[in-house]
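Here is how the chains run, residue by residue.
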Amino acid sequence: GEGEQTKITFIISDKRFSRRFPSDCSLNNSILNWLGTLSSVIPAKVISGDWILMNTTMFPSKPMEFCESKNKTLYALKLWPSGTVELSMAQSREES
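Keep in mind it's a predicted model, so treat the numbers as computed, not measured. (Residues numbered from 1 in each chain as written. Predicted model: local features only at pLDDT ≥ 70, side-chain atom pairs only at ≥ 80, totals over all residues. Heavy atoms only, no water.)

Before going further, it helps to examine the pairing of strand β1 (residues 5–12). Working note: regular strand, side chains alternate between the two faces of the sheet. Of all eight residues in β1, six are buried; the element is thus mostly enclosed. Two elements, β1 and strand β2 (residues 15–22), share eight bridges in a ladder whose sense is antiparallel. Residue I12 lies in a different strand from β2, and its bridge partner there is K15. Counted between consecutive antiparallel strands, the loop separating β1 from β2 contains two residues, among which S13 sits at a positive phi close to 60°. Where β1 lies against strand β5 (residues 82–89), six bridges are found, and the strand directions are parallel. (Buried < 20%, exposed > 50% of the residue type's maximum accessible area, 1.4 Å probe, protein only. Helix = DSSP H or I, 4+ residues; strand = E, 2+ residues; numbered from the N terminus. Pairing = 2+ DSSP bridges.)

Dropping the structure here:
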């Protein structure tokens, strides 16, 4: 039912996409796979750390480090009952 669904709004550049996922899906099995249907480049860039998924549902926004977050459920990532995730470039590791 509705209570088991999470509505996620994705912000990618200047575009917005919304989709519902089961709230007990993991970040890897839901969001990353779905983003791969938009562009096959996205999952590889997120996994490599070049791009990062930011949870912008609340202020301040929080990065969802892929290695730490990939097996967490959307509920555990505080993306339930709805959330906003922004895809952004990771800060360069060379800058200090």
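Here the focus is the sheet that holds strand β3 (residues 51–55). The mixed open sheet is built from five strands, whose spatial order is β2-β1-β5-β3-β4. Each end of this open sheet is capped by a strand with a single partner; those strands are β2 and β4 (62–64). Taken pair by pair, the neighbouring strands of this sheet meet at an average axis angle of 35°, ignoring direction. Running over the sheet, helix α1 (residues 28–38) touches β1, β2, β3 and β5 and is turned about 135° from β2. The strands that helix α2 (residues 41–48) touches are β1, β3 and β5; relative to β3, the one it contacts most, it runs at about 85°. (Axes fitted to C-alpha atoms, helices over the stretch in contact; angles between N-to-C directions. Contact = heavy atoms within 4.5 Å.)

Of all five residues making up β3, four are buried, and the element is well covered by its neighbours. Inspection of the sheet shows β3 paired to β5 by five bridges, in the antiparallel sense. Each residue of the ladder has a partner; that of M54, found in β5, is E86. Two successive antiparallel strands, β3 and β4, enclose a turn made up of six residues.

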